[in-house]
Amino acid sequence: SDPPYAHHLATPELRQSDSFSRSADVDKTGLYGREPASFAQEGRAAALGSKNPVKVHAWKGGIDGWVCDFTLERVPWSFSLESITLGPRASIWVGGEDYEQIVLGAPFLQRLVSGSELHVVPGGRHSFCKQPEHLAAILREMHLHFGFEA
(Lines give C-alpha, C1' and ligand atoms only; values in the text may rest on other atoms or scores of the structure.)
Protein backbone atom coordinates (compact mmCIF):
# COMPACT_ATOMS: atom_id res chain seq x y z
CA SER A 1 0.00 0.00 0.00
CA ASP A 2 1.03 3.60 -0.40
CA PRO A 3 2.71 5.45 2.47
CA PRO A 4 0.88 8.06 4.56
CA TYR A 5 1.49 11.11 2.38
CA ALA A 6 0.00 13.43 5.04
CA HIS A 7 2.57 12.40 7.69
CA HIS A 8 4.46 15.45 8.94
CA LEU A 9 7.83 13.78 8.23
CA ALA A 10 7.00 12.77 4.65
CA THR A 11 9.66 14.17 2.36
CA PRO A 12 8.79 16.42 -0.57
CA GLU A 13 10.01 13.63 -2.89
CA LEU A 14 7.60 11.17 -1.28
CA ARG A 15 4.66 13.60 -1.43
CA GLN A 16 5.40 14.44 -5.08
CA SER A 17 5.52 10.75 -5.99
CA ASP A 18 1.76 10.57 -5.34
CA SER A 19 0.58 10.70 -8.95
CA PHE A 20 -3.05 10.73 -7.79
CA SER A 21 -2.57 14.17 -6.22
CA ARG A 22 -1.99 15.74 -9.63
CA SER A 23 -4.73 17.66 -11.41
CA ALA A 24 -7.19 15.54 -13.34
CA ASP A 25 -7.10 18.23 -16.05
CA VAL A 26 -3.39 17.65 -16.65
CA ASP A 27 -2.78 13.98 -15.82
CA LYS A 28 -5.18 11.12 -16.65
CA THR A 29 -4.29 9.42 -13.35
CA GLY A 30 -4.58 12.67 -11.41
CA LEU A 31 -7.52 12.79 -9.05
CA TYR A 32 -7.39 16.38 -7.84
CA GLY A 33 -10.73 17.71 -9.09
CA ARG A 34 -12.15 14.26 -9.85
CA GLU A 35 -14.27 11.86 -7.83
CA PRO A 36 -12.06 8.90 -6.78
CA ALA A 37 -15.01 6.49 -6.99
CA SER A 38 -15.52 7.21 -10.70
CA PHE A 39 -11.81 6.62 -11.32
CA ALA A 40 -11.98 3.35 -9.39
CA GLN A 41 -15.09 2.28 -11.29
CA GLU A 42 -13.28 2.82 -14.61
CA GLY A 43 -10.31 0.80 -13.34
CA ARG A 44 -12.61 -1.97 -12.16
CA ALA A 45 -14.45 -2.10 -15.49
CA ALA A 46 -11.16 -2.32 -17.39
CA ALA A 47 -9.89 -5.08 -15.07
CA LEU A 48 -13.09 -7.12 -15.37
CA GLY A 49 -13.02 -6.68 -19.14
CA SER A 50 -9.42 -7.88 -19.32
CA LYS A 51 -10.44 -11.41 -18.28
CA ASN A 52 -7.14 -11.57 -16.35
CA PRO A 53 -8.08 -13.77 -13.37
CA VAL A 54 -5.78 -11.91 -10.95
CA LYS A 55 -7.21 -8.51 -11.88
CA VAL A 56 -10.78 -9.81 -11.95
CA HIS A 57 -10.32 -11.29 -8.46
CA ALA A 58 -8.78 -8.05 -7.11
CA TRP A 59 -11.90 -6.10 -8.07
CA LYS A 60 -14.44 -8.82 -7.25
CA GLY A 61 -15.67 -7.00 -4.14
CA GLY A 62 -16.29 -3.70 -5.89
CA ILE A 63 -14.61 -0.32 -5.54
CA ASP A 64 -15.04 0.42 -1.82
CA GLY A 65 -11.73 -1.15 -0.78
CA TRP A 66 -9.79 0.88 -3.34
CA VAL A 67 -11.54 4.12 -2.37
CA CYS A 68 -10.90 3.42 1.34
CA ASP A 69 -7.18 2.72 0.71
CA PHE A 70 -6.88 5.83 -1.45
CA THR A 71 -8.44 7.99 1.26
CA LEU A 72 -6.51 6.54 4.19
CA GLU A 73 -3.21 7.04 2.39
CA ARG A 74 -3.91 10.77 2.06
CA VAL A 75 -5.45 11.93 5.36
CA PRO A 76 -3.89 12.34 8.81
CA TRP A 77 -4.22 9.17 10.87
CA SER A 78 -5.66 9.02 14.38
CA PHE A 79 -2.55 7.27 15.70
CA SER A 80 1.17 7.79 15.40
CA LEU A 81 3.19 5.24 13.47
CA GLU A 82 6.07 6.09 15.78
CA SER A 83 4.06 4.70 18.71
CA ILE A 84 4.01 1.16 17.26
CA THR A 85 6.21 -0.97 19.52
CA LEU A 86 6.31 -4.31 17.73
CA GLY A 87 10.00 -4.00 16.88
CA PRO A 88 11.13 -6.70 14.42
CA ARG A 89 7.68 -8.30 14.52
CA ALA A 90 6.54 -5.40 12.31
CA SER A 91 7.60 -6.10 8.74
CA ILE A 92 7.31 -3.93 5.67
CA TRP A 93 7.50 -5.89 2.44
CA VAL A 94 7.99 -4.20 -0.93
CA GLY A 95 8.80 -5.35 -4.43
CA GLY A 96 11.97 -3.78 -5.79
CA GLU A 97 10.12 -3.02 -9.04
CA ASP A 98 6.88 -1.80 -7.43
CA TYR A 99 5.38 1.63 -8.15
CA GLU A 100 7.78 4.48 -7.37
CA GLN A 101 5.71 5.85 -4.48
CA ILE A 102 5.59 2.45 -2.80
CA VAL A 103 9.33 1.85 -3.26
CA LEU A 104 9.97 5.31 -1.75
CA GLY A 105 7.35 4.84 0.97
CA ALA A 106 8.45 1.46 2.31
CA PRO A 107 11.74 2.68 3.85
CA PHE A 108 9.87 5.74 5.18
CA LEU A 109 7.40 3.49 6.99
CA GLN A 110 10.21 1.30 8.27
CA ARG A 111 12.00 4.30 9.76
CA LEU A 112 8.81 5.44 11.51
CA VAL A 113 8.16 2.06 13.17
CA SER A 114 11.11 1.62 15.51
CA GLY A 115 12.90 -1.70 15.12
CA SER A 116 10.73 -2.86 12.22
CA GLU A 117 12.21 -4.82 9.36
CA LEU A 118 12.17 -3.91 5.69
CA HIS A 119 12.11 -6.71 3.13
CA VAL A 120 12.78 -5.70 -0.48
CA VAL A 121 11.98 -8.47 -2.95
CA PRO A 122 14.39 -8.08 -5.90
CA GLY A 123 12.46 -7.82 -9.14
CA GLY A 124 9.14 -7.91 -7.28
CA ARG A 125 6.32 -5.95 -8.86
CA HIS A 126 3.17 -4.62 -7.22
CA SER A 127 1.54 -8.02 -6.70
CA PHE A 128 4.71 -9.96 -5.82
CA CYS A 129 3.17 -11.26 -2.57
CA LYS A 130 0.63 -13.29 -4.55
CA GLN A 131 3.44 -15.51 -5.82
CA PRO A 132 3.59 -18.66 -3.69
CA GLU A 133 7.25 -18.36 -2.68
CA HIS A 134 6.81 -14.77 -1.42
CA LEU A 135 3.51 -15.46 0.30
CA ALA A 136 5.13 -18.48 2.00
CA ALA A 137 8.02 -16.29 3.24
CA ILE A 138 5.58 -13.73 4.67
CA LEU A 139 3.53 -16.46 6.36
CA ARG A 140 6.68 -18.11 7.79
CA GLU A 141 7.69 -14.79 9.31
CA MET A 142 4.22 -14.30 10.81
CA HIS A 143 4.39 -17.79 12.28
CA LEU A 144 7.83 -17.09 13.73
CA HIS A 145 6.75 -13.83 15.39
CA PHE A 146 3.12 -14.50 16.24
CA GLY A 147 2.60 -18.27 16.14
CA PHE A 148 0.20 -18.14 13.17
CA GLU A 149 -0.05 -21.36 11.24
CA ALA A 150 1.30 -21.11 7.71
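Here the structure is a predicted model, which is why all the values come from computation and not from measurement. (Residues numbered from 1 in each chain as written. Predicted model: local features only at pLDDT ≥ 70, side-chain atom pairs only at ≥ 80, totals over all residues. Heavy atoms only, no water.)

1. Some thoughts on the packing of helix α2 (residues 36-50) against helix α4 (residues 64-72)
Going by this rule: What counts as an axis is a line fitted to C-alpha atoms, over the stretch in contact for a helix, and the angles between N-to-C directions run from 0 to 180 degrees. For helices the rule is a DSSP run of H or I covering at least 4 residues; for strands it is a run of E covering at least 2, with both sets numbered from the N terminus onward. In this scheme, roughly parallel covers angles under 35 degrees and roughly antiparallel covers those over 145, while 65 to 115 is roughly perpendicular and the rest are oblique. Helix crossings are classified by the rotation of the near helix relative to the far one: an anticlockwise turn of less than a right angle makes the crossing left-handed, while a clockwise turn makes it right-handed. It only takes one pair of heavy atoms within 4.5 Å for two residues to be counted as in contact. Ten residue types, Ala, Val, Leu, Ile, Met, Phe, Trp, Tyr, Cys and Pro, are classed as nonpolar, four, Asp, Glu, Lys and Arg, as charged, and the remainder, Gly among them, as polar.
One way to put it is that α2 packs onto α4 with a least axis distance of 9 Å and a crossing angle of 135 degrees. Classified by the interaxial angle, the pair formed by α2 and α4 is oblique. When you trace α2 past α4, the crossing you get is right-handed. Note on element contacts: α4 touches α2 through W66, V67 and F70, opposite P36, A37, F39 and A40. Residue classes in the contact of α2 with α4 are distributed as 7 nonpolar, no polar and no charged.

2. Section: the side chain of H134
Along the chain, the position of H134 falls in helix α6 (residues 132-146). Beyond its immediate sequence surroundings of up to four residues, H134 is in contact with V121, F128 and C129.

3. Some details on the nonpolar core
Put simply, the rule reads: For the purposes of this section, nonpolar cores are sets of buried Ala, Val, Leu, Ile, Met, Phe, Trp, Tyr and Cys residues that join through side-chain atoms within 4.5 Å. Relative accessibility decides the category of a residue: with a 1.4 Å probe and only protein chains considered, values under 20% of the type maximum give buried, values over 50% give exposed, and everything between is partly exposed.
The biggest cluster of nonpolar side chains holds 13 residues, and the ones touching the most others in it are L14, L81 and F108. Element by element, the count of residues in this core is highest for helix α5 (residues 100-112), at 5 residues.

4. Considerations on α6
What counts here: By this rule, a helix spans an expected 1.5 Å times one less than how many residues it contains. The arc in question is the one traced by the directions running from the helix axis out to the C-beta atoms.
Here α6 contains 15 residues, and its C-alpha end-to-end distance of 20 Å stays within 8% of the 21 Å for a straight helix at 1.5 Å per residue. Of all the residues in α6, the buried ones are H134, I138 and E141. The arc enclosing the buried residues of α6, seen along the axis, measures out at 60 degrees, which places them on a common side. In α6, the exposed positions that point more than 90 degrees away from the buried face belong to P132, R140 and L144. Tucked into the core, α6 has its buried residues touching β1 (91-95) and β2 (117-121). Count one or two residues on from α6 and you reach G147, which has phi positive near 80 degrees.

5. Points about the pairing of β1
Put simply, the rule is: Only when DSSP finds a minimum of two bridges between them are two strands counted as paired. Think of it like this: strands point away, you trace from the first strand over the helix to the second, and a clockwise trace means the crossover is right-handed.
When β1 meets β2, the two strands line up parallel, connected through 5 bridges. Residue W93 lies in a different strand from β2, and its bridge partner there is H119. Taken together, β1, α5 and β2 form a β-α-β motif whose crossover is right-handed.

6. Focus on the environment of L48
Turning to its location among the elements, L48 is positioned in helix α2. Given the relative accessible area of 29%, L48 is considered partly exposed.

Any functional reading would require information that these geometric values do not contain.
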